[in-house]
Amino acid sequence: MRAPAVFGPRGPLSGTARLPGDKSISHRALILATLAVGTSRISGLNEGEDVAATAAALRALGVRIERESGGWAVTGVGLGTLLQPPAPLDCGNSGTTARLLMGLIASHPIRAELIGDASLSRRPMASLAAPLRRLGARIDGDRLPLAIEGSAPAIPMTHRLNTPSAQVKSALLLAGLNTRGVTTVISPAATRDHLERMLPLFGLEVAIDGLAVRLRGEPELKPCTIAVPGDASAAAFLAVAATIVPGSAIELPGVGVNPGRIGWIEALREMGADISLSNQREESAEPVADLIIRHAPLSAIDLAPGRVPGLIDEIPILAIAAAGARGTSRQRGLAALRDKESDRIATTAAGLAAIGVRAEIEDDDLIVHGIGEAPFAGGATVAAEGDHRIAMAFAVAGLHGLAPLTVDDMTAVSTSFPGFAAALDGLAGA
Ligand code: S3P
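Residues numbered from 1 in each chain as written. Predicted model: local features only at pLDDT ≥ 70, side-chain atom pairs only at ≥ 80, totals over all residues. Heavy atoms only, no water.

1. Digging into the overall build of the chain
Part 1: Within the chain one finds 13 helices and 27 strands.
Part 2: Projected onto the principal axes, the alpha-carbon positions of the chain cover approximately 60 × 45 × 45 Å.
Part 3: Residue burial in the chain is summarised as follows: out of 430 residues, 58% are buried.
Part 4: Summarising the internal contacts of the chain: among those between residues at least 6 apart in sequence, 76% fall at separations of at least 24.
Part 5: For the chain, the separation between the mean place of its 38 positive charges and that of its 44 negative charges on side chains is 3 Å. (Helix = DSSP H or I, 4+ residues; strand = E, 2+ residues; numbered from the N terminus. Buried < 20%, exposed > 50% of the residue type's maximum accessible area, 1.4 Å probe, protein only. Contact = heavy atoms within 4.5 Å. Lys, Arg positive; Asp, Glu negative; His and termini not counted. Charge placed at Lys NZ, Arg CZ, Asp CG, Glu CD.)

2. As for the sheet that holds strand β8 (residues 138-139)
Part 1: Spatial ordering of the open sheet is given by β6-β7-β9-β8, a layout of 4 strands whose pairing is mixed. Only two strands of the sheet have a single neighbouring strand rather than two, namely β6 (89-90) and β8.
Part 2: Note that β6 and strand β7 (residues 111-115) share 2 bridges and pair parallel. Of the residues in β7, the one forming a bridge with Asp-90 is Ile-115. (Pairing = 2+ DSSP bridges.)

3. Overview of helix α9 (residues 263-271)
Part 1: Residues of α9 that are buried include every one of Gly-263, Trp-264, Ile-265, Ala-267, Leu-268 and Met-271, and no others.
Part 2: Taken from the residues just after α9, Gly-272 is the one with a positive phi, measuring 115°.

4. Focus on the sheet that holds strand β4 (residues 64-68)
Part 1: Taken in spatial order, the 4 strands of this open sheet run β4-β5-β3-β14, and their pairing is mixed. Each end of this open sheet is capped by a strand with a single partner; those strands are β4 and β14 (225-227). If you compare each strand with its neighbour and ignore which way they point, the axes differ by 20° on average.
Part 2: When β4 meets strand β5 (residues 71-77), the two strands line up antiparallel, connected through 5 bridges. Paired with Arg-67 across the two strands is Trp-72, which belongs to β5. (Axes fitted to C-alpha atoms, helices over the stretch in contact; angles between N-to-C directions.)

5. Quick notes on the domain arrangement of the chain
Part 1: Each domain of the chain was delimited in the assignment, giving domain 1 (5-21 + 229-427) and domain 2 (23-227).
Part 2: The distance between the C-alpha centroids of domain 1 and domain 2 comes to 29 Å.
Part 3: Listed by partner, the interface residues are 26 residues for domain 1 and 26 residues for domain 2.
Part 4: Taken together, the two surfaces of domain 1 and domain 2 that pack against each other cover about 2100 Å², and 45% of this comes from carbon and sulfur.
Part 5: The shortest N-O distance in the salt bridge between Asp-313 and Arg-192 comes to 3.4 Å.
Part 6: Of the residues in the side of domain 1 that touches domain 2, the class split is 8 nonpolar, 9 polar and 9 charged. (Domains from an automatic or database assignment. Buried area = accessible area lost by both parts, 1.4 Å probe. Salt bridge = Lys/Arg side-chain N within 4 Å of Asp/Glu carboxyl O. Nonpolar A, V, L, I, M, F, W, Y, C, P; charged D, E, K, R; others polar.)

6. A look at the nonpolar core
Part 1: Judged by nonpolar contacts, the single largest core of 76 residues is most densely connected at Leu-238, Leu-252, Trp-264, Ile-320, Phe-394 and Phe-420.
Part 2: Per-element accounting of this core gives the leading share, 11 residues, to helix α8 (residues 232-244).
Part 3: Apart from the residues lying within four places of it in its own chain, the contact partners of Ile-320 are Val-240, Ile-244, Leu-352, Phe-376, Ala-393, Phe-394 and Ala-397.
Part 4: In terms of nonpolar packing, the next biggest core, distinct from the first, is built from 67 residues, Leu-146, Leu-161, Ala-175 and Val-228 among them. (Core = buried A, V, L, I, M, F, W, Y, C linked by side-chain atoms within 4.5 Å.)

7. Some words on the site of the ligand
Part 1: Close to the ligand lie Ser-24, Arg-28, Thr-96, Ser-165, Ala-166, Gln-167, Arg-192, Ile-312, Asp-313 and Lys-340, which account for all nearby residues.
Part 2: Measuring from an oxygen atom of the ligand, one finds a backbone N or O atom of Ala-166 at 2.8 Å.
Part 3: Within the backbone of Gln-167, an N or O atom sits 3.1 Å from an oxygen atom of the ligand.
Part 4: Compared with its free state, where it exposes 390 Å², the ligand has 92% of that area covered by protein.
Part 5: Elements with a contribution of two residues or more to the shell around the ligand: α1 (23-35) and α6 (166-177).
Part 6: Taken together, the residues of the shell around the ligand sort by class into 2 nonpolar, 4 polar and 4 charged.
Part 7: Residues lining the shell around the ligand come from more than one domain, with at least three contributed by each of domain 1 (5-21 + 229-427) and domain 2 (23-227). (Near = heavy atom within 4 Å. Polar contact = N/O pair within 3.5 Å; in protein donor to acceptor, adjacent residues only side chain to side chain. Areas by Shrake-Rupley, 256 points an atom, 1.4 Å probe, with all protein chains shown as cover.)

8. Observations regarding the packing of helix α3 (residues 95-106) against helix α5 (residues 126-134)
Part 1: Packing of α3 against α5 brings their axes to within 11 Å, and their N-to-C directions diverge by 5°. Between α3 and α5, the interaxial angle falls into the category roughly parallel. The residues of α5 that touch α3, namely those facing Arg-99, Met-102, Gly-103 and Ala-106, are Leu-128, Ala-129 and Leu-132.
Part 2: Grouping the amino acids of the contact of α3 with α5 by side-chain chemistry returns 5 nonpolar, 1 polar and 1 charged. (Parallel < 35°, antiparallel > 145°, perpendicular 65-115°, else oblique.)

9. A closer look at the packing of α9 against helix α10 (residues 315-323)
Part 1: Contact pair α9 / α10: the axes reach a minimum separation of 11 Å and the direction vectors enclose 5°. When the axis of α9 is compared with that of α10, the two are roughly parallel. Residue-level contacts link Trp-264, Ala-267, Leu-268 and Met-271 of α9 to Leu-318, Ala-321 and Ala-322 of α10.

10. As for helix α11 (residues 344-354)
Part 1: Restricting attention to buried positions, one finds in α11 the residues Arg-344, Ile-345, Thr-347, Thr-348, Ala-349, Gly-351 and Leu-352.
Part 2: Buried-residue contacts for α11 involve α10, β22 (359-362), β23 (365-369), β25 (381-382) and α12 (388-398).
Part 3: Capping the start of α11 is the job of one residue whose side-chain oxygen sits 3.2 Å from the backbone nitrogen of Ile-345: Asp-343.
Part 4: Residue Gly-356 follows α11 closely and has a positive phi angle near 90°.

11. Topic: the environment of Gly-136
Part 1: Along the chain, Gly-136 falls in the loop between α5 and β8.
Part 2: Each C-alpha atom of the pair Gly-136 and Ala-106 lies 7.6 Å from the other, and the pair is 30 residues apart in sequence.

12. A few points about the pairing of strand β16 (residues 274-283)
Put simply, side chains in a regular strand alternate between the two faces of the sheet.
Part 1: Of the strand pairs in this sheet, β16 and strand β17 (residues 286-294) are connected by 8 bridges, and their pairing is antiparallel. Bridge pairing in β17 links Ile-275 to Ile-293.
Part 2: From the end of β16 to the start of β17, which pair antiparallel, there are 2 residues, and Ser-284 there has a positive phi angle of about 50°.

Here you go:
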């Protein structure tokens, strides 16, 4: 059932918002806790549907995951002892769930069927399935639904990725955990390194040499305690809202500021945004800070393709910032965005056109003709195409419209940021 919602101007944003736990870190914490023998404790876990899909799949593989005061307790079964799941593993809308599970299962002697929703079933899995087949797994398709039969023993290998992908890198490293010998993954460009940072907390040292990550399989993973920081990608929506709505000043405490995740902060600052980081600290091997964002006029940006992996999920909301900037922005080399929850180049451009902002697609570049500080026309209905980040990006645009706009369906937002509308209401004093 669709859940359309109207977003209109409500005046300056102020106050403090709580963010959901980092989604990428949450998936990885649950999976590593599964592979440790004993009980790990995770606080701040993202409680959206994507991470819930990972938790449900892990339970079907034999793990106990229970809510307790202050967080979640995960009682792991240890490497090599995952159970054969009794039914297909439903990954919902979550590419991270599907890919990380494929890596996990690839080196275990079990067979599982992975299913997902219509969006996930369209997304290509070949760039992961191919290396997993080489290490011994049998995979009967390159898109969901697919069946995967792991191989134990699996073959320790060096994988050279053709395109940067943290999901593929992490999946291959997870496959390497239950593989005797050394697994190496070499990326063509840096991507988020949450798994590499987290493995030592479970007792496994990882060797990092430039873009190569190397681990020795069959370690004894020890349970640990993890505090998941606030999600930097979720923070980007609220930060752009405060930046474009005149008079705003907000604080976002406890945001993960891993260098692989804050490309959007750097881009917005180059455009003129007023974002400061305070109280910088490290929690569970991840850098964390409180963000303070004040309204500021923006100017256009020309974003080079090499910067895309560092802000891969923030392109739609950066496009909203570009729409509210002076001048023409170009975001280059966005091919990877075509294979996200929607074709984000197309859905972003279509949404901008609907709210009265000129945007063009040239090959894999998105060009946005900013209108400066004036409000967007609004008044239109934007199609979210089942994509949480498109829905949230245009909800933010609605706050700076002459007339309210409608996002045709906000349902997908619960995959990553179930409290998004409440967070906006809190900041806008509704
Ligand atoms: C993710 C990596 C990114 C990102 C996705 C989550 C992860 O995908 O788009 O939302 O948790 O590893 P890539 O595989 O393109 O890096």
